[in-house]
Amino acid sequence: MTGKSSTKKSLTYCFNMDGKTVRFIDTPGIIDTEGPNQDHRNVKEILRMLESVGKLSAILILLTPNDPRLDATFRFCMTELLTRLHRDTSQNILFGFTNANTTSFKLGATMIPLDEILKELQTGIVRGESNEYFFDSEGFMFLAAYKQNLQEMAGGKSHHATLWTQSAGEVHRLVTTVMGLPTHDVSMTLKLNRTRSFLEGLAKTLANFTTSTKTSQKRLENAERELAEAIAHGGNLAEKAKTKITITVPVRYNLPRKQTVCCHPSCVSQVKDENGVLRTVFKTVCHDNCDITVPDEIKGVHDLQYCSPFRRWLKIFAGYACQQEKCKHDWTEHMHISYEFRNEERMIDIDDEEVIDKIRSNEGAMQILKRQIQTAQKHQEMIRKERAQIQTARALFYVYLSQNSVGRSSAYSDATVQYLDLHIAVANQDGRTEDATELTRQKSSHTEEIKTLKNAIAAGTVSYPDEEAVDREIEGLKNMTLLGKDLIDAFDQRNVEFEGCPFIQVESKSKTKKGPWFRWL
Ligand SMILES: [Zn+2]
Ligand SMILES: [Zn+2]
Ligand SMILES: [Zn+2]
């Protein structure tokens, strides 16, 4: 894994051992001397290679046995790899230590950082004789040199013969172990990765739909009250019967170009929308036409660091500042935007306008009004149910993602929480307290849902959500009576592109308030 990695593309070697064919797939190394961008490409290449394999018997992670300097880069790469592998692979993960002669075929200083990261990522992998193997290529190198009559190698023939025997013994032990391991169905790992990017990308959509249910709820309650008042007070009921009952539905509009923008207080500004309400505008575009695939509107989302203004391999880890002169902020201050939601009103009362127009008598109008009240009530019930369904689904998605990889870092970030946190901060900053309250309520019910689900799993009343559970939940969302169709539209991105920046509406006089709460956004 360390040093100048020679492989950039995966290569497959086939060997015949004891009448069995063993296929070795040599993948690019991670912790590449060319820096983290190459590491990232290499991890992608490993996953690409997996696409062509149906089943795997073992995953052999090669390390040197005596490296106390396995630092942040090592941790980063192990996390990258292990969090992308399905947890079923944990029994297929083996460790191979090269240059083992330096430590007499035992594990040296590498032990501490390796054990630490395995524990930290909650892999459940217990390192021991059954999953660690020691090799040394010096015996082979001696043989190659010997053939060229260079017999004067330090250590002499018998020393190298011992190394050869020991390494060969380890290879046999490895192959015997691998033959006995249950094979891993690679599609599980691929599905995990595909599901992950799909589910993380849903954070914005599900949050917008959840928010819209509150708006719809209010609309329906108001309509119900007004209609009831009309009945109670009399008057022109025929006119009142024309009241339209509507709900709010978020409609997705793709941006003409995807962008990476900066969220730092000095890179944003506030403008008034058509209703005179202040709205934060992310006006500093640090990468226009950005083709990176990361979830929308999540500040500092992991893969954003590979966006072009941050690519500098000399700065291996911390302090990836933006190269844009007007910005210069750390990559974690940025987010990606590729689409926006616009709330649109949709009528739900089905009464034919012509019929309503023909109503002349108060009694006829009364019947219509009563039916409309019933419609409003029925839809309040439906919208409450669908809000709860969305909340349950996204809790399940998070638990699935945080539990189904080999590496389950307790720090695994929840895209929903990150999305909500950003928008709570923005709403507070704009003085939109009602919005902030709704989003905060959403966040606490989300964390509550997760707690309930985790408790149920711990108590054994519910099993760990697997791929099928996720599929079922998505199907359930698509089949929702009221919002299902709109959700499908939002998933499938079928909406037309529109021109111009979606955030700028009406420019206000520069009365931007920057209170202390502004700073942490
Ligand atoms: Zn970019
Ligand atoms: Zn920037
Ligand atoms: Zn900035």
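Here's what I pulled together on the structure shown here. (Residues numbered from 1 in each chain as written. Chains lettered and ligands numbered in written order. Predicted model: local features only at pLDDT ≥ 70, side-chain atom pairs only at ≥ 80, totals over all residues. Heavy atoms only, no water.)

## Details of the overall build of the chain
Within the chain one finds 13 helices and twelve strands. At a minimum sequence separation of 6, the contacts of the chain that also span at least 24 residues come to 79%. Total accessible area on the chain is roughly 26,600 Å²; 52% of this is exposed by carbon and sulfur atoms. (Helix = DSSP H or I, 4+ residues; strand = E, 2+ residues; numbered from the N terminus. Contact = heavy atoms within 4.5 Å. Areas by Shrake-Rupley, 256 points an atom, 1.4 Å probe, with all protein chains shown as cover.)

## What to know about the coordination of the zinc ion (ligand 3)
Only C262 (SG), C267 (SG), C327 (SG) and H329 (ND1) from the protein reach the zinc ion (ligand 3) as donors, at distances of 2.1 to 2.4 Å. Angles of 101 to 121° at the metal separate the four donor atoms of the zinc ion (ligand 3), which places the site in the tetrahedral class. Mapped onto the sequence, the residues coordinating the zinc ion (ligand 3) show the spacing C-x4-C-x59-C-x1-H. Here the zinc ion (ligand 3) and the zinc ion (ligand 2) are spaced 4.2 Å apart, and both take C327 as a donor. Taken together, the residues span a long stretch of sequence, with C262 in strand 8 (residues 246-262) and C327 in the loop between strand 11 (285-288) and strand 12 (334-347) at a distance of 65 residues. Each member of the pair, C262 as well as C327, is classed as buried. (Donors = N, O, S within 2.8 Å, 3.2 Å for Na, K, Ca; no water. Tetrahedral: all angles 85-135°; square planar, octahedral: opposite > 155°, others 65-115°. Buried < 20%, exposed > 50% of the residue type's maximum accessible area, 1.4 Å probe, protein only.)

## A few points about the pattern of salt bridges
Under the definition given, this model contains 22 salt bridges. Note that R279 and D273 form a salt bridge whose closest N and O atoms lie 2.8 Å from each other. According to the relative accessible area criterion, D273 is buried, its value standing at 6%. For D435, the salt bridge is made with R432, and the minimal N-O distance between the two is 2.8 Å. Here the salt bridges share partners, and the residues they tie into one network are D115, R127 and E132. (Salt bridge = Lys/Arg side-chain N within 4 Å of Asp/Glu carboxyl O.)

## Quick notes on helix 5 (residues 156-180)
The first and last C-alpha atoms of helix 5 sit 37 Å apart over 25 residues, in line with the 36 Å expected at 1.5 Å per residue. Within helix 5, the full set of buried residues consists of H160, L163, S167, E170, L174, V175 and V178. (Expected span 1.5 Å × (residues − 1).)

## Focus: the coordination of the zinc ion (ligand 1)
Tetrahedral metal sites with four donors have an ideal angle of 109.5 degrees; octahedral sites with six donors have ideal angles of 90 or 180 degrees. Those protein atoms acting as donors to the zinc ion (ligand 1) are H287 (ND1), C290 (SG) and C307 (SG), and they sit at 2.0 to 2.2 Å. In the primary sequence, the donor residues of the zinc ion (ligand 1) line up as H-x2-C-x16-C. Comparing H287 with C290, the two get one shared label, buried.

## Let's talk about the sheet that holds strand 8
Whenever strands of a sheet pair, they do so through backbone hydrogen bonds, lying parallel or antiparallel. Pairing is antiparallel in the open sheet, where three strands are placed in the order 11-8-12. Of all strands in the sheet, those with a lone pairing partner are strand 11 and strand 12, marking the two edges. Ignoring which end each strand starts from, the neighbouring axes of this sheet average 55° apart. Where strand 8 meets strand 12, 13 bridges bridge the pair, whose relative direction is antiparallel. (Pairing = 2+ DSSP bridges. Axes fitted to C-alpha atoms, helices over the stretch in contact; angles between N-to-C directions.)

## Some thoughts on the environment of K299
Tracing the backbone through its elements, the reader meets K299 in the loop between strand 11 and strand 12. Exposure remark for K299: the relative accessible area of 25% places this residue in the partly exposed category. As for K299 and M335, which are separated by 36 residues in sequence, their C-alpha atoms are 4.6 Å apart.

## Examining the packing of aromatic side chains
Taken as a whole and judged by the stated rule, the model has three aromatic pairs. Their ring planes at 85° and their centres at 6.2 Å tell us that F209 and F341 sit as a pair that is edge-to-face. Note that F209 is positioned in helix 6 (residues 186-233) and F341 in strand 12, a separation of 132 residues in sequence. Of the two residues, F209 and F341, both sit in the buried class. Where Y339 meets F341, the ring centres are 5.6 Å apart and the plane angle is 90°; that geometry is what we call edge-to-face. Residue Y339 shares its accessibility class with F341, and that shared class is buried. Ring pairing ties together the aromatic residues F209, Y339 and F341, which thus form one cluster. Sitting over the face of the ring of Y464, R87 holds its NZ or CZ atom 5.1 Å from the ring centroid. Cation over ring: K204 sits above Y339, and NZ or CZ is 4.0 Å from the ring centre. (Phe/Tyr/Trp six-rings, centres within 6.5 Å; stacked < 30°, edge-to-face > 60°. Lys NZ or Arg CZ within 6 Å of the ring centre and 35° of its normal.)

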